[in-house]
Amino acid sequence: PLGLASQETVVVLSAVGNAVTDAYSLVKKASLVYSHPHFRILVSKARSSHEAHSLFENMARVSHQRGLARLEWAGFVPLDENLRQASRLYQPVEGLFPHSAAAKAYREIAHNILSWTGSGEHGNAIEPFVSRLLALSQAMNPQAIYA
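Residues numbered from 1 in each chain as written. Predicted model: local features only at pLDDT ≥ 70, side-chain atom pairs only at ≥ 80, totals over all residues. Heavy atoms only, no water.

1. Structural notes on the environment of Tyr-24
Tracing the backbone shows Tyr-24 in helix α1 (residues 19-34). Spatially, the C-alpha atoms of Tyr-24 and Val-11 are 9.3 Å apart, while their sequence positions differ by 13 residues. (Helix = DSSP H or I, 4+ residues; strand = E, 2+ residues; numbered from the N terminus.)

Structure, rendered in structure tokens:
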């Protein structure tokens, strides 16, 4: 619940296994239980841009049809053996394999984040965060956290 008080909430949707179901469940719960209206979806481990966009579009369509949160595209990181290797070594892929497809994707995503509404604004960003956090804590149902 603490993460829902932030200006932006990004759900990483892995293109493998039950991760799609898990990501949808997270969006559904946050939408219904915590009234969170908006998420950005980052697709990881996609075999292609087409697969990533297809996963996002399906999830966004279902979310819209069921009256859940609005989903917005955040980008995708391709399935990349260099990313697996960097993960095994507990190192950022950008440092070990800066020319890899995954590193290039992360740079593009980082660049795009700067243009998101609210990103890079100067001033006191703590006040809106605390206001959202207090509102969220008042609406929170402790039993829903363990559901």
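2. Let's talk about unusual backbone geometry
Of note in this structure, Lys-45 is not a glycine but carries a positive phi near 60°. On the secondary structure map, Lys-45 appears in strand β2 (residues 38-46). In this structure, Tyr-90 takes a positive phi of about 55° despite not being glycine. Checked against the element boundaries, Tyr-90 lands in the loop between α3 (81-88) and α4 (93-96). A residue is classified by how much of its surface remains accessible, and Tyr-90, at 75% relative accessible area, is exposed. (Buried < 20%, exposed > 50% of the residue type's maximum accessible area, 1.4 Å probe, protein only.)

3. Let's talk about the pattern of salt bridges
A complete count under the given rule lists 7 salt bridges for this structure. In this structure, Glu-72 engages Arg-40 in a salt bridge whose closest nitrogen and oxygen atoms are separated by 3.2 Å. Here Glu-72, found in strand β3 (residues 70-78), pairs with Arg-40, found in strand β2; they are 32 residues apart in sequence, far enough to count as distant. In this structure, Arg-47 engages Glu-51 in a salt bridge whose closest nitrogen and oxygen atoms are separated by 3.0 Å. The class of Arg-47 is exposed, set by a relative accessible area of 65%. With a relative accessible area of 16%, Glu-51 lands in the buried category. Salt bridges sharing partners connect three or more residues here, namely Glu-8, Arg-40, Arg-70 and Glu-72. (Salt bridge = Lys/Arg side-chain N within 4 Å of Asp/Glu carboxyl O.)

4. Observations regarding the sheet that holds β3
Within the open sheet, the 3 strands sit side by side as β1-β2-β3. Their pairing is parallel. Of all strands in the sheet, those bounded by a partner on one side alone are β1 (10-14) and β3. Adjacent strand axes in the sheet meet at a mean angle of 25° when their direction is disregarded. Of the strands in this sheet, β1, β2 and β3 touch helix α2 (residues 49-65), which is tilted by about 160° from β3. (Pairing = 2+ DSSP bridges. Axes fitted to C-alpha atoms, helices over the stretch in contact; angles between N-to-C directions. Contact = heavy atoms within 4.5 Å.)

5. Remarks on the packing of aromatic side chains
Scanning all chains against the criterion turns up 1 aromatic pair. When the centroid spacing of 5.5 Å and the interplanar angle of 70° are considered together, the rings of Phe-56 and Trp-73 count as edge-to-face. Here Phe-56, found in helix α2, pairs with Trp-73, found in strand β3; they are 17 residues apart in sequence, far enough to count as distant. Residue placement shows Arg-40 over the ring face of Trp-116; its charged tip is 4.0 Å from the ring centre. (Phe/Tyr/Trp six-rings, centres within 6.5 Å; stacked < 30°, edge-to-face > 60°. Lys NZ or Arg CZ within 6 Å of the ring centre and 35° of its normal.)

Everything listed here is a matter of geometry and, on its own, says nothing about what the molecule does.
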